[in-house]
Amino acid sequence: MEKSTGKKNTAVFISGRGSNLKSLIKYSKTKKSLIKIVLVISDKSSAKGLEYANKSKINNIFIKYNNRRSFEKCLLKLLKKNNVDLICLAGFMKIISSSFIKKFYKPILNIHPSLLPKYKGLNTHSRVLENKDKYSGATVHIVNDKLDSGKIILQKKVKVLKSDNYKSLEKKILKIEHKIYPRAIIRLLTNY
Ligand code: GRF
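Residues numbered from 1 in each chain as written. Predicted model: local features only at pLDDT ≥ 70, side-chain atom pairs only at ≥ 80, totals over all residues. Heavy atoms only, no water.

*Asks:* Give a description of the overall build of the protein that names residues and reports values.
*Replies:* Within the protein one finds 6 helices and 7 strands. What you see in the protein, going N to C, is helices and strands ordered as β-α-β-α-β-α-β-α-β-α-β-β-α. In terms of overall size, the protein behaves like a compact globule, its C-alpha atoms giving a radius of gyration of 16 Å where 192 residues would be expected to give roughly 16 Å. Put simply, the protein has 192 residues, and 46% of those count as buried. Approximately 11100 Å² of the protein is accessible, and the part contributed by carbon and sulfur atoms is 54%. Here the protein contributes 43 positive and 12 negative side-chain charges, whose respective centroids are spaced 6 Å apart. (Helix = DSSP H or I, 4+ residues; strand = E, 2+ residues; numbered from the N terminus. Rg over C-alpha atoms; globule rule 2.2 N^0.38 Å. Buried < 20%, exposed > 50% of the residue type's maximum accessible area, 1.4 Å probe, protein only. Areas by Shrake-Rupley, 256 points an atom, 1.4 Å probe, with all protein chains shown as cover. Lys, Arg positive; Asp, Glu negative; His and termini not counted. Charge placed at Lys NZ, Arg CZ, Asp CG, Glu CD.)

See below:
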């Protein structure tokens, strides 16, 4: 059981690389951080992000996804046990049910690599490039029962250059993701 430190006990859900997790861990270690990451959960045992959590000595758990019901039941149990106040989805590739959102009853944030409401769902960068958009970006939003549609907390734009390809655009956008996720948390928790 986690003790109360005045910081919000936070769980980060991942499925892969975990670069946003890394930035959240970095933020959580700063003096002024408003969160303490008490739990990292992955639905993939191979998720690289689990290694960061290990290195940072953060309790991390792989939960095998057999079906949504049993997966979410297990999640809710863990969240309760660890007194989690806030969930940050960071490259978590499973869709969370409205029943889970209701039962958890506390904020769930997600980071999405586009300027929502544009390009909900997958393959955002390819769609931006195909459509020759002049701008793309990243958005942190509250998770509700519709995919990538909850209240926007923070959004940042980047210019898409003619010379950009998938890789360069992804890199540019990830860089801003790492900046805005901690800022969005501060905004959410302080109403700033
Ligand atoms: C990020 O682009 C995030 O916006 C999206 O999935 C990707 C996860 O990357 N939801 P990482 O695992 O945090 O490196």
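And the narrative resumes.
*Asks:* Describe the sheet that holds strand E7 (residues 152-159), with residues and values.
*Replies:* What the 7 strands build is an open sheet, ordered E3-E2-E1-E4-E5-E6-E7; its pairing is mixed. The open sheet is flanked by strand E3 (60-62) and E7, the only strands paired with a single partner. When the angles between neighbouring strand axes are averaged without regard to direction, this sheet yields 20°. Bridge analysis of strand E5 (residues 108-112) against strand E6 (residues 135-142) gives 4 bridges, and the strand direction is antiparallel. Looking at the pairing, His112 lines up with Thr139 of E6. Contacts from helix H1 (residues 19-28) reach strand E1 (8-14), strand E2 (35-42), strand E4 (86-89) and E5, with the element oriented near 155° to E2. (Pairing = 2+ DSSP bridges. Axes fitted to C-alpha atoms, helices over the stretch in contact; angles between N-to-C directions. Contact = heavy atoms within 4.5 Å.)

*Asks:* Let's hear about the pattern of salt bridges: which residues, and what values?
*Replies:* Counted under the stated rule, the structure contains 7 salt bridges. One salt bridge connects Glu170 with Arg17, and the closest N-O pair in it is separated by 3.5 Å. Residue Glu170 is located in helix H6 (residues 166-190), and its partner Arg17 is located in the loop between E1 and H1; the two are separated by 153 residues in the primary sequence. The closest approach of N and O atoms between Lys118 and Asp133, which form a salt bridge, is 3.3 Å. One end of the pair, Lys118, is in the loop between E5 and helix H5 (124-130); the other, Asp133, is in the loop between H5 and E6, with 15 residues separating them in the sequence. Exposure remark for Asp133: the relative accessible area of 13% places this residue in the buried category. Via salt bridges that share partners, Asp43, Lys44 and Lys94 belong to a single interconnected network. (Salt bridge = Lys/Arg side-chain N within 4 Å of Asp/Glu carboxyl O.)

*Asks:* Go over helix H3 (residues 68-81), please, and point to the residues and values.
*Replies:* With 14 residues, H3 extends 20 Å between its outermost C-alpha atoms, agreeing within 8% with the 20 Å of an ideal straight helix rising 1.5 Å per residue. Along H3, the residues classified as buried are Phe71, Glu72, Leu75, Leu78 and Leu79. With its buried residues spanning 125° around the axis, H3 presents them on a single face. When the buried face of H3 is taken as reference, the exposed residues oriented beyond 90 degrees from it are Arg69, Lys73, Lys77, Lys80 and Lys81. The inward-facing, buried residues of H3 abut E1, E2, E3, E4 and helix H4 (98-104). The opening residue of H3, the one whose side-chain oxygen lies 3.2 Å from the backbone nitrogen of Arg69, is Asn67. A positive phi of about 50° marks Asn83, the residue just after H3. (Expected span 1.5 Å × (residues − 1). Arc of directions from axis to C-beta. Polar contact = N/O pair within 3.5 Å; in protein donor to acceptor, adjacent residues only side chain to side chain.)

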